[in-house]
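This is what each chain is made of:
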Amino acid sequence: MKVISVKFKESGRSYYFDPGALQVQAGDFVVVETARGVECGEVVRGGHDLPDTGFSREIKPVVRQADAVDVRRMRQNRADERKAFALCEQRIAAHKLQMKLIDAEYTLDRTKLVFYFTADNRVDFRELVKDLASQFRTRIELRQIGVRDESKMLGGLGVCGQPFCCSRFLKNFQPVSIKMAKEQGLSLNPAKISGACGRLMCCLAYEQKSYEYLNSITPQPGSVVRTPDGEGTVTEVNVVSGNLKVRSVESLAPKTYHRSECVYLRGGRRAPVKPDEDKE
């Protein structure tokens, strides 16, 4: 089926919509119906074909192509969202609620105003909602999000010096575990492998499959291998370069060999498998 990709925020993910007979290009604005209500978004990719199977939900049609009035209204909403954000922060402080406000969003027709916040525990914000509804005269929705979503919305610089991956190109968050850091030989100090959000860095998952494969074909420390100079024990491994430091019985100083020069005999954390020539 033919779809277009539409994005509603600079750092947000894109969503598929059915353009129907409309001829829209990247950079155009369209009005669509979403779960939050009627919204105006920017087309980041024009019409392209996708298999019509495997979608978890129905692809909604584009309501219409946005005109100058829609775009002007959208930009006015963005300006009013900043004012709503400041007022909501004041009301949160007045009600003495333990929550951190992250963002505010108007729907295009201003029938709903959504506030995003983070909190360590559940928050009873019923009185706050009544207060805000009397101030803005529209439907109010407060939505609690996680710390990773907070980083995605706010943006910033990571320890690598680059802008956050989640605010640049990551569409969905992937599960990241401490096992990935172990497989890649990284320090297990939480301060060194955690991002600004306090969770494990998303980039740990980028090369995980490569490290799993390289570890599976490389003798691990403690393995006994046969080298061109005789048998020895592996003391250190660099899985990316494939170099092994091997200490033989005759010499206390270890020598460096490539894994292709060594034949695994026994020992170590696990036995290596035969390398796949295509992956190599």
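Please refer to the structure higher up on the page.
Our subject in this report is the structure included herewith. (Residues numbered from 1 in each chain as written. Predicted model: local features only at pLDDT ≥ 70, side-chain atom pairs only at ≥ 80, totals over all residues. Heavy atoms only, no water.)

Within the chain, the regular secondary structure consists of seven helices and 13 strands. Scaling as 2.2 N^0.38, a compact globule of 280 residues should have a C-alpha radius of gyration of about 19 Å, whereas the chain reaches 27 Å, well beyond that. Along the longest, intermediate and shortest principal axes, the C-alpha atoms of the chain span 85 × 50 × 30 Å. Per-residue burial over the chain gives 36% buried out of 280 residues. Put simply, 57% of the contacts in the chain that link residues at least 6 apart link residues at least 24 apart. Total accessible area on the chain is roughly 17100 Å²; 49% of this is exposed by carbon and sulfur atoms. (Helix = DSSP H or I, 4+ residues; strand = E, 2+ residues; numbered from the N terminus. Rg over C-alpha atoms; globule rule 2.2 N^0.38 Å. Buried < 20%, exposed > 50% of the residue type's maximum accessible area, 1.4 Å probe, protein only. Contact = heavy atoms within 4.5 Å. Areas by Shrake-Rupley, 256 points an atom, 1.4 Å probe, with all protein chains shown as cover.)

What follows is about unusual backbone geometry. The backbone of K96 sits at a positive phi, close to 55 degrees, despite the residue not being glycine. Along the chain, K96 falls in the loop between α1 (68-95) and β6 (100-106). The backbone phi angle of R110 is positive, close to 60 degrees, even though this residue is not glycine.

What follows concerns the sheet that holds strand β1 (residues 2-7). An order of β2-β1-β4-β3-β5 is seen for the five strands of this open sheet, with the pairing classed as antiparallel. Here the strands that pair on one side only, and so sit at the sheet edges, are β2 (14-17) and β5 (62-65). On average, adjacent strands in this sheet sit at an angle of 40 degrees to one another, irrespective of strand direction. Of the pairings in the sheet, the one linking strand β3 (residues 29-34) to strand β4 (residues 37-49) comprises six bridges and is antiparallel in character. Each bridged residue has a counterpart across the sheet, and for T34 the counterpart in β4 is G37. Packed on one face of the sheet, α1 meets β3, β4 and β5 and runs near 65 degrees to β3. (Pairing = 2+ DSSP bridges. Axes fitted to C-alpha atoms, helices over the stretch in contact; angles between N-to-C directions.)

Grouped together as the largest cluster of nonpolar side chains are 18 residues, with contacts concentrated most on M99, F115, L132, F136 and L142. Every element with two or more residues in this core is listed here: α1, β6, β7 (112-118), α2 (126-136) and β8 (139-144). When residues no more than four places from it in sequence are discounted, the contact partners of F136 are A84, L87, Y106, L113 and F115. If you look at the next biggest cluster of nonpolar residues, it comprises nine residues, including F8, F17, V32 and V43. (Core = buried A, V, L, I, M, F, W, Y, C linked by side-chain atoms within 4.5 Å.)

Our focus in this paragraph is the pairing of strand β11 (residues 243-248). As paired strands, strand β10 (residues 230-238) and β11 are joined by six bridges and run antiparallel to one another. When the sheet's bridge partners are listed, G232 is paired in β11 with S248. In textbook terms, the turn of a hairpin is the stretch between consecutive antiparallel strands, and for β10 and β11 this stretch comprises four residues, one of which, G242, has a positive phi near 80 degrees. Judged from the four bridges that link them, β11 and strand β12 (residues 255-258) form a sheet pairing that is antiparallel. The residue of β12 that forms the bridge with V246 is K255. Where β11 folds back on β12, the antiparallel hairpin that results is connected by six residues.

This next bit is on the pattern of salt bridges. On inspection of all chains with the given rule, the structure shows ten salt bridges. In this structure, R110 engages D80 in a salt bridge whose closest nitrogen and oxygen atoms are separated by 2.8 Å. Of this pair, R110 sits in the loop between β6 and β7 while D80 sits in helix α1; the two residues are 30 residues apart in sequence, bridging distant segments of the chain. According to the relative accessible area criterion, D80 is buried, its value standing at 14%. As a salt-bridge pair, D131 and R91 come within 2.8 Å of each other at their nearest N and O atoms. Residue D131 is found in helix α2, and its partner R91 is found in helix α1; the two are separated by 40 residues along the sequence. Each of K112, E141 and R143 takes part in salt bridges that share partners, so that together they form one network. (Salt bridge = Lys/Arg side-chain N within 4 Å of Asp/Glu carboxyl O.)

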